[in-house]
2 protein chains.
Amino acid sequence: MNNITPSCVRNDVQSRIARIAAMLQAHGIDAMLVTDNVGLYYVSGRVYAGYALVSSDATVRYFVRRPNDIEGVDYIRKPEQIVDMLGYCPAKLAMQCDSLCVNDYNRLCSAFAQAQVVDGSAIMRSVRSVKSSYEIELMRQCGLKHARAYSRIPAIYKAGMTDVELQIEIERLLRLEGCLGIFRVHGESMELFMGNILAGDNADNPTPYDFAMGGAGQDPSIPVGANGTVIEPGHAVMVDACGNFNGYMTDMTRTYCVGQLTELALKAHQLSIDINCRLAAEGKPGVEAKRLYEIALEMVQQAGMEDYYMGHRQKAGFVGHGLGIEINEAPVLAPRSRDVLAVGHVIAVEPKFVIPGTGAVGVENTYVVTEQGMDCITLAPEEIIPLG
Amino acid sequence: MNNITPSCVRNDVQSRIARIAAMLQAHGIDAMLVTDNVGLYYVSGRVYAGYALVSSDATVRYFVRRPNDIEGVDYIRKPEQIVDMLGYCPAKLAMQCDSLCVNDYNRLCSAFAQAQVVDGSAIMRSVRSVKSSYEIELMRQCGLKHARAYSRIPAIYKAGMTDVELQIEIERLLRLEGCLGIFRVHGESMELFMGNILAGDNADNPTPYDFAMGGAGQDPSIPVGANGTVIEPGHAVMVDACGNFNGYMTDMTRTYCVGQLTELALKAHQLSIDINCRLAAEGKPGVEAKRLYEIALEMVQQAGMEDYYMGHRQKAGFVGHGLGIEINEAPVLAPRSRDVLAVGHVIAVEPKFVIPGTGAVGVENTYVVTEQGMDCITLAPEEIIPLG
């Protein structure tokens, strides 16, 4: 027995390994080489520097470079040692081709010279999308802490604050509640520091990133989110901040306001609540993810609110996404998604609207897919909350 | 003329393109396809979603997916459109094989089917390591703000605080000073949230990450840094936090204490100051980076302090590193480094010691390499600073 895996997560890790192995068998693959931090955390229960080799017989070997104090694992200096230590080379070997960089991949292909290497990304993505009861419990804990931190936001607001100043105090609230701060996103191209706080018309500034909402940001090096806007009466303030409290995370957005918002903004916000409610009821195992996208869009069209939906000057092409260790996992609620909902999927639903002159409104909740529909784990008031 | 590049950085971007082009010519490469956010920021002055193609004739084309409001660039939906829009396919094309994932690489290779694709990572790394006076000015501004935020740390300390509580207040100080928060690291395997604050013996906990210092962290999902240690008399508190104020960053460590530290700790700290001073004088253009590593090690050996140097239970294998947009750029001050110092290199020097029972001590400064030696841009008192 090795002690790389914290005892509380050992059973769960074993069943994760078994589920990966079952998919490897189904695809005629002999083993999966896990290389990225998210994958290593998933198959071991902790982040370490090195590799894990999950075999189709549901065994796993941990090859560790650092830290130097883990008992019962195989220590290596370089990946070229792995095949020697195994005593064989898997004939058909999957690698994480959606995260592994080309140079590392080439080196690993040489180290496993006898193997036929195939892409294992889809298998990892599929297995990870279905959360165990252990993982769901971690995410429920995130939801509680996430909501508790948000409940303190009105108390920290001061008249005349900028969005950046408010964001800094929200970051502090979250951190004091136990938020780890780090916000794991799949893929090189999305970056965000701890959250997106949008006040007034900054919400209508398009960003390069594939998030639901935009914002110009403070600097061209990270052009997203708060940009120094002074929060004024009539502004909506949308808060969508990091819910990572234990390696897993919830995604949760609430909208705040200063003074009175327009009828249009209030209508849009209520529509967001209604869409959340409807998708929660419709989201059952076997339902196509794209169907949920369509239902949301139909509701928006019936209300005549397309102009403002999922952005105004630039629009996002989805209304929800799976999440867990990363903020963007399967399934994706988008028009061309081929995902089908399954028990254990955890999905953030975020129908949002950008109303010129007001800002962004709407709510985002995180839901667990059950036989009865989707169960909300970000329980907090959904109405627009006055600041100050 | 396009307006992707902010006017203040246009001349500098032009000279960056020219320097990349010169290296492409020298290697007989026709063009470099820039794909990662750091590279796009470098060749355009802003982060966007898309690609840049830098040709060996020192022209550049920007292919943009998002945001949707940039004038004078080529908008694309997918990379397969690029060759058509160019009207030709470069015969020999470099890609960023140290950051591009295998799946994206394969797709791009198909999109540029006529091209011979080679690794351009080393060229980008080499060009980016030599900073222009514009970039150095940005980094000087970071140094000033970094030092100003650190100067307020004693005022926020309260007796009985944990390292995590102190870290949260330091994060807030930095953010209020203008820190963007985001901490860009090259490579998948290094992760850190905004900084590493180490109190007492937590400094001796090894981490998986390739940072100079360790710390157990708060959770196995991000096992580095502060772990909830209550700061007590006799503890050293090492603060090494994010200095990204404008897309570029400085790296700066200072050591604080509560009560009196041991003679051994004080000796180690003074040795760190002395090593900084010596390396600053020795670090001139043409000097091998590994020579600076050796000089530092010789000073440590002469003082009989090897047991504590660069970690105690687990040791880091370097004493300094280049930095700029990312925290880990060239050159690297390590025993097997093949880097040679050049005017415009910016280097963080961080000779640190872990003293059992006390914690981590030492200072880290960021230096600009000049003809006369290395010029410190993190100007702040170097002695151990009492808290409270």
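What comes next concerns the included structure.

Parameters at a glance
- Residues numbered from 1 in each chain as written.
- Chains lettered and ligands numbered in written order.
- Predicted model: local features only at pLDDT ≥ 70, side-chain atom pairs only at ≥ 80, totals over all residues.
- Heavy atoms only, no water.
- Helix = DSSP H or I, 4+ residues; strand = E, 2+ residues; numbered from the N terminus.
- Rg over C-alpha atoms; globule rule 2.2 N^0.38 Å.
- Contact = heavy atoms within 4.5 Å.
- Areas by Shrake-Rupley, 256 points an atom, 1.4 Å probe, with all protein chains shown as cover.
- Lys, Arg positive; Asp, Glu negative; His and termini not counted.
- Charge placed at Lys NZ, Arg CZ, Asp CG, Glu CD.
- Buried area = accessible area lost by both parts, 1.4 Å probe.
- Salt bridge = Lys/Arg side-chain N within 4 Å of Asp/Glu carboxyl O.
- Polar contact = N/O pair within 3.5 Å; in protein donor to acceptor, adjacent residues only side chain to side chain.

### Examining the overall build of chain A
- Counting its regular elements, chain A contains ten helices and 19 strands.
- In terms of overall dimensions, chain A is globule-like: its C-alpha atoms have a radius of gyration of 22 Å, near the 21 Å expected for 388 residues.
- With the C-alpha coordinates of chain A rotated into their principal frame, the extents come out at 70 × 40 × 35 Å.
- Nonlocal contacts in chain A, meaning residues at least 24 apart in sequence, comprise 66% of its contacts between residues at least 6 apart.
- Of the roughly 13900 Å² of accessible surface on chain A, a fraction of 49% belongs to carbon and sulfur atoms.
- Of the charged side chains in chain A, 33 are positive and 45 negative; the average position of the first set lies 5 Å away from that of the second.

### Considering the interface of chain B and chain A
- On the chain A side, the residues contacting the 56 residues of chain B number 56 residues.
- Together, the buried faces of chain B and chain A total about 4800 Å²; carbon and sulfur atoms form 54% of this surface.
- When the buried surface of chain B facing chain A is broken down by residue, Val-102, Arg-175 and Phe-193 of chain B rank first, second and third, together holding 14% of it.
- The tally of links between chain B and chain A comes to ten salt bridges.
- For the salt bridge of Glu-169 of chain B with Arg-172 of chain A, the shortest nitrogen-to-oxygen distance reads 2.9 Å.

### Describing the pattern of salt bridges
- Across all of its chains, the model carries 40 salt bridges over all chains by this definition.
- Note that Asp-375 of chain B and Arg-140 of chain B form a salt bridge whose closest N and O atoms lie 3.0 Å from each other. Of this pair, Asp-375 of chain B sits in strand E18 (residues 373-376) while Arg-140 of chain B sits in helix H6 (residues 133-151), and the two are 235 residues apart along the sequence.
- Several salt bridges share partner residues, and in doing so they unite Arg-128, Lys-131, Glu-326 and Glu-329 of chain A into one network.

### Notes on unusual backbone geometry
- For the bond running from Arg-66 of chain A to Pro-67 of chain A, omega is -5°, close enough to zero to count as cis.
- Its location among the elements puts Pro-67 of chain A in the loop between strand E3 (60-66) and strand E4 (74-75).
- Cis rather than trans, the peptide bond between Ala-330 of chain B and Pro-331 of chain B has omega equal to -5°.
- As for its position among the elements, Pro-331 of chain B is in strand E13 (residues 329-333).

### Quick look at the environment of Ser-221 of chain A
- With respect to the secondary-structure elements, Ser-221 of chain A resides in the loop between strand E7 (195-199) and strand E8 (236-241).
- Between the C-alpha atoms of Ser-221 of chain A and Ala-330 of chain A, which are 109 residues apart in sequence, the distance is 28 Å.
- Aside from chain neighbours lying at most four places away, what touches Ser-221 of chain A is Tyr-209 of chain A together with Tyr-41, Val-47, Leu-180, Arg-184, Asn-246 and Gly-247 of chain B.
- Within polar-contact distance, the side chain of Ser-221 of chain A engages the side chain of Asp-219 of chain A at 2.7 Å.

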